[in-house]
Amino acid sequence: MNKKRITPLEATNTVKKSIVKRRSKDNRLKLYGRIAIGLAVCFLLFLFYSIFTKGYPGFFQYYVTLDINFDRDRIDPQGDLSDNSLFDGEASKIVNESLFSIIEPKGRKAKKQAKKIVSSGKDVRIAKMVKNNPSLFGTITKVKFALDDDIDSFLRGYIKRETPESERRISDKVIGFVDKLNQDGRITYEFSDYILKGSASGNPEMAGIKGAFIGSMLTLSICLLISFPLGVATAVYLEEIAKKNRITEFIEVNINNLAAVPSVVFGIMGLAIFISIFGMPRSIPLVGGMVLALMTLPTIIISSRAAIRAVPPSVRDAAYGIGASKLQVIFHHVIPLAMPGMLTGTIIGMAQALGETAPLLMIGMVAFIVDIPNSVMDPGTVLPVQIFMWADFAERMFIQKTSAAIIVLLGFLISMNAFAVYLRKKLERRW
Amino acid sequence: MFNFYLLIGIIFISLLFFIIGHNEAKNIKKINNIKLHSLSHYYGIFVLLASLLPSLGMYFIFTIGDDLLFASLIQNYVPIEVVNSEDYNFTIVLAQIKNSVEGLIFGTPDQWVTDAAEVWKSWVYQSQILTSISCIFTAIISGFLGYRKINHKFRSRNAVEKIVMSILAVSSIIAILTTVAIIFSVVFESIRFFALIPYDDFLFGTVWNPQFEGAERAGSGQEGLSQYGAIPLFAGTFLISIIALCVSVPIGLFSAIYLSEYATSKERAFFKPLLEILAGIPTVVYGFFAALTVAPFLRSSGSVLGLDVASESALAAGLVMGIMIIPFISSLSDDVINAVPQSLRDAGYGLGSTKNETVMKIVLPAALPGVVASIILAVSRAVGETMIVVMAAGLAANLTANPLEAVTTVTSQIVTILVGDQEFESAKTLSAFALALTLIIITLGMNFYALHIVKKYREQYE
């Protein structure tokens, strides 16, 4: 026994000394935890900040106000307001003349450059106006036209006046014209009527998300129509009816596996099965919705099963006690009580499906489609894919429009998720 | 549109049968003044199902079958010269004919294509008539047969319940069918790919340079222009996943420890959902963020430091992906740490240890399997993630460990190969399926392993 014995006083002193160290270690861990959460929240805030500051201007654009002489003979030569007749008309020429009367370009070259100031969608705009309101004919009305995206970028300050002319996308002459229009007070910056009402377009000033938005809605409704009944039916079968045996176990394993399969693989399956074998057309919301439905099915099944399990057995026993059959118990009692939980899971699944891109790329929803889809069989695209496509374009204005589209998408996702949380809070019963 | 109207028609007929059946049951009850076996609406539902289900089955067989039937029949309309020519490909011929049917005509098609399209159109017309007649006929006949069964002794509730039970059982099989479809679609094409390219070239080759076969032939018979060595893709995936883990593991783990051990319940209720928002943001938004904000930032800060950062770098993609998978680690680990029994903590405190010591020496080791499982799940998410790498990591198949260079991943190659038009016969297209097969094997393997760990661990404390 040659180990040194310590007195109780020495022992307390040792502990006292070490306790400071141990406490500070404790505080350090707490601090690391706070820093970690702070970093994650900062990332989140920075992400939102960068998207919003980029995207907010995307909802606005520059317009020029011109006095347009609505001469029926020139705009609508056949006089029947048909598409053909309006197409044959000289709407663009009238707009150009009105523009020239203000900025007075000299020579052919100057005129050619001046024409490009106003967006190429000008004739379509006039055609739409006279179609909606034929009484415009014969009047001289002020009409606002979108400016070309290069001019727009110049006015926003992305294209600098100081840059040498050869490196700039717009010439000194055009800048002179724009200054003239500005002096006249004809250029205004206002809420864009293209971003929400326009469709896909190669011209950034005319591009909008309406087509993609409707495509998203069509795809999502197919997805909901397929996945909700199937998911609820599967959950009910597995929880309430099926006996625990090899087959049901196999089904469960399959469902869990499906939840882990990367989304791009679902796209490959859609391509190989629906398009290649069943011969369905590419790019249609129907196939997109089917692929997304298979992808969201596990989410819906898993949350529906949890909701069914949360219904207490006493409810079932009471129903059986007054003579209900098994299916009556399920359909009259269990499903209505589990519905809020099922709906919550479904909404979260739908939000996932709304933001999904990769599988839809596989089945060809990336095609450049100007027409707004009317049915699930018309080729179309969806909001996230539109964002992906726009992100690839070089024009400066597309960055803003892409961010604006992202804001719309995030807005929808957040409200869907908030609704799910609300449902869970309000409707779900605690037993 | 025609199909849609037919569907509406079938549903309408079966609804009519519901009313007929319901009324008949009520009449029997009233006239004979006897009790029916089941409630009267069960008789209506029985007749409805009797009419609806067979006709729906008929409808789906016809709508899915007619295209396949036409495709096999139209072969007889392709002239012998074309079939015997060297570059005959039935898929392309079929696409030509179908385009012509839909009115999409490019250039001037051969006469036989137009003729075949005319034949096809007449078939479509005939099959529409045939489909509608047979579906409506089936709906009425089988509905009538169901109606005939109604009498006071008939146990319609039991019959209806039997049908509904089997519908529920069938819908649960969809999950199996989907798995089968995924495996079927990927494995068969992969086998065809490995018939062209030996699997060890694919798994161990170091050069990834897929070219279309047409381009190969155009290169004056040069064989072996394409190379399908997937090592650079695996390396790129691995590199990006490692970077993502370097971001997400410390942040996720420390957040989880703080949330489960230090935070008040109010803090926890606020921050946990806030972190989970990160997982709910669409990946295309992350991709846009990585490509337009993070990558330029890295590039400019790299040039300040004298580093040459590629405009599409593994670092940008990895960092952003790391942010995305933080909640997978934080939420799951938080759940796991919470599941450690309180008695273990109390024992630690009882011995006089601080919170730090309890967490580090007792709780974390106890929760370690679950934490590892959460990290594995996060990795499997990172490996399968597509949009961020497509938009921010580039397409160049570099075999490099330098995170400042552009790399490519398995998923982004799948997307680049399969987006747009592709000829199904070429090795390039088939290689995407082989890549998908490896991707599935990797992610499912990790998922299995993670779930296995969690299960084993859970049993210990129960």
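Residues numbered from 1 in each chain as written. Chains lettered and ligands numbered in written order. Predicted model: local features only at pLDDT ≥ 70, side-chain atom pairs only at ≥ 80, totals over all residues.

### Observations concerning the overall build of chain A
The cut-off we apply is this: We count a stretch as a helix when DSSP gives it H or I for four or more residues in a row; a strand needs E for two or more, and each element gets its number in order from the N terminus. Within these notes, the globule rule equals 2.2 Å times the number of residues to the 0.38 power, and the radius of gyration is based on C-alpha atoms. A residue is called partly exposed when the number of other C-beta atoms within 10 Å of its own lies between 12 and 20, exposed at 12 or fewer, and buried at 20 or more, with C-beta atoms placed from the backbone. Placing a C-beta atom from the backbone of each residue, one calls two residues in contact when those atoms lie within 7 Å.
Counting its secondary structure elements, chain A contains 17 helices and three strands. Computed over the C-alpha atoms, the radius of gyration of chain A is 32 Å, more than 25% above the 22 Å expected from 2.2 N^0.38 for a compact globule of 431 residues. Once the C-alpha set of chain A is aligned to its principal axes, its extents read approximately 110 × 75 × 40 Å. For chain A, with 431 residues in total, the buried portion stands at 43%. Within chain A, contacts between residues separated by at least 24 positions form 76% of all contacts whose residues are at least 6 apart in sequence.

### Here we look at the overall build of chain B
Scanning chain B from terminus to terminus reveals 17 helices and two strands. Its C-alpha radius of gyration of 31 Å places chain B more than 25% over the 23 Å reference for a compact globule of 462 residues. Projected onto its principal axes, the C-alpha coordinates of chain B cover approximately 85 × 75 × 35 Å. By residue count, 41% of the 462 residues in chain B fall in the buried class.

### Digging into the sheet that holds strand E2 (residues 140–146) of chain A
All names here are of chain A. To keep things clear, this is the line we draw: Two strands qualify as a pair provided DSSP detects at least 2 bridges between them. Only the stretch in contact is used when a helix axis is fitted, and all axes are lines through C-alpha atoms; the angle between N-to-C directions ranges over 0 to 180 degrees.
The antiparallel open sheet is built from three strands, whose spatial order is E2-E1-E3. Strands with a single pairing partner mark the edges of an open sheet, and in this sheet they are E2 and strand E3 (187–191). Taken pair by pair, the neighbouring strands of this sheet meet at an average axis angle of 40°, ignoring direction.

### Comments concerning the domain arrangement of chain A
Frequently, the measure chosen for interface size is the accessible area that the parts lose on association. Spelled out, the test is: Domain boundaries shown here were taken from an automatic or database domain assignment.
Examined at the domain level, chain A breaks down into domain 1 (61–193) and domain 2 (210–427). Just the C-alpha atoms count here: the centres of domain 1 of chain A and domain 2 of chain A sit 45 Å apart.

### Comments concerning the interface of chain B and chain A
To be explicit about the condition: Note on residue classes: Ala, Val, Leu, Ile, Met, Phe, Trp, Tyr, Cys and Pro are nonpolar, Asp, Glu, Lys and Arg are charged, and everything else, Gly too, is polar.
Across the boundary between the two partners, chain B contributes 69 residues, which contact 67 residues of chain A. At 19 residues, helix H6 (residues 156–196) of chain B tops the list of elements feeding residues into the side of chain B that touches chain A. Tallied by class, residues from the side of chain B that touches chain A come to 47 nonpolar, 17 polar and five charged.

### Observations regarding the nonpolar core
Worth spelling out the cut-off: The nonpolar core is taken to be a set of buried Ala, Val, Leu, Ile, Met, Phe, Trp, Tyr and Cys residues joined by way of C-beta atoms within 7 Å.
Membership of the largest hydrophobic core comes to 215 residues, with the highest contact counts inside it found for A:Ile268, B:Ala290, B:Ala317, B:Val320, B:Ala392 and B:Ala436. When sequence neighbours within four positions are dropped, the list of residues in contact with A:Ile268 reads A:Met362, B:Ser185, B:Val186, B:Leu418, B:Phe433 and B:Ala436. Listed in part, the 20 residues of the second largest apolar core include B:Ile10, B:Phe17, B:Phe18 and B:Tyr43.

### Section: the packing of helix H13 (residues 313–321) of chain A against helix H14 (residues 326–355) of chain A
All names here are of chain A. Heads up, the condition is: Should an angle fall under 35 degrees it is called roughly parallel, over 145 degrees roughly antiparallel, and 65 to 115 degrees roughly perpendicular, with every other angle called oblique. Throughout, a crossing is termed right-handed when the near helix is turned clockwise from the far one, and left-handed when it is turned anticlockwise from it by less than a right angle.
With their axes 10 Å apart at the nearest point, H13 and H14 run at an angle of 155° to one another. The angle between H13 and H14 places the two elements in the roughly antiparallel class. The handedness of the crossing between H13 and H14 comes out as right-handed. For the pair formed by H13 and H14, the contact residues are Val315, Arg316, Ala319 and Tyr320 on the first element and Val329, His332, His333, Val334 and Leu337 on the second. In the contact of H13 with H14, the residues fall into six nonpolar, two polar and one charged.

### Some words on unusual backbone geometry
With a phi angle near 65°, A:Ser283 is a residue other than glycine that sits in the positive phi range. Examined against the element boundaries, A:Ser283 turns out to sit in the loop between helix H11 (263–277) and helix H12 (285–310). Residue A:Ser283 is classed as buried on the basis of its C-beta count, with 21 C-beta atoms lying within 10 Å. With a phi angle near 50°, B:Asn33 is a residue other than glycine that sits in the positive phi range.

### Some points on the environment of B:Met324
Residue and element names in this part refer to chain B. Counting through the fold element by element, methionine 324 comes out in helix H12 (residues 314–339). Here the alpha-carbon distance between methionine 324 and alanine 378, two residues 54 residues apart in the chain, equals 9.6 Å. Apart from the residues lying within four places of it in its own chain, the contact partners of methionine 324 are Leu278, Ala279 and Tyr286.

### Some details on the environment of A:Ser283
In this structure, the C-alpha to C-alpha distance between A:Ser283 and A:Ile369, residues 86 residues apart in sequence, is 9.5 Å. Excluding residues that lie within four positions of it along the chain, A:Ser283 makes contacts with A:Gly364, A:Met365, A:Ala367, A:Pro379 and A:Gly380.

### Observations regarding the packing of helix H10 (residues 265–280) of chain B against H12(B)
Residue and element names in this part refer to chain B. Relative to each other, H10 and H12 sit at 140°, their axes nearing to 7 Å. The angle between H10 and H12 falls in the class oblique. H12 is crossed by H10, and the crossing has left-handed handedness. Only Ile323, Met324, Ile326, Pro327, Phe328, Ser330, Ser331 and Asp334 of H12 make contact with H10, whose side of the interface consists of Lys272, Leu275, Glu276, Leu278 and Ala279.

### Overview of H12(B)
The following threshold applies: For a helix, the expected span equals 1.5 Å multiplied by the number of residues minus one. Bend at a given residue is defined as the angle between two axes, one fitted to the seven residues that end at that position and one fitted to the seven that begin there.
The terminal C-alpha atoms of H12(B) lie 36 Å apart, and with 26 residues this matches the ideal 38 Å at 1.5 Å per residue to within 8%. Of all the bends in H12(B), the greatest reaches close to 35° and is centred on B:Ile325; the proline B:Pro327 follows between one and four positions later.

### Comments concerning the environment of B:Leu203
Counting through the fold element by element, B:Leu203 comes out in helix H7 (residues 199–204). Sequence spacing of B:Leu203 and B:Arg299 is 96 residues, and the spatial spacing of their C-alpha atoms is 33 Å.

### Considering the pairing of strand E1 (residues 60–69) of chain A
Residues and elements named next belong to chain A. Judged from the five bridges that link them, E1 and E3 form a sheet pairing that is antiparallel. Bridge pairing in E3 links glutamine 61 to glutamate 190. With seven bridges connecting them, E1 and E2 associate as antiparallel partners. Within E2, the position partnered with threonine 65 by the bridge is lysine 144.

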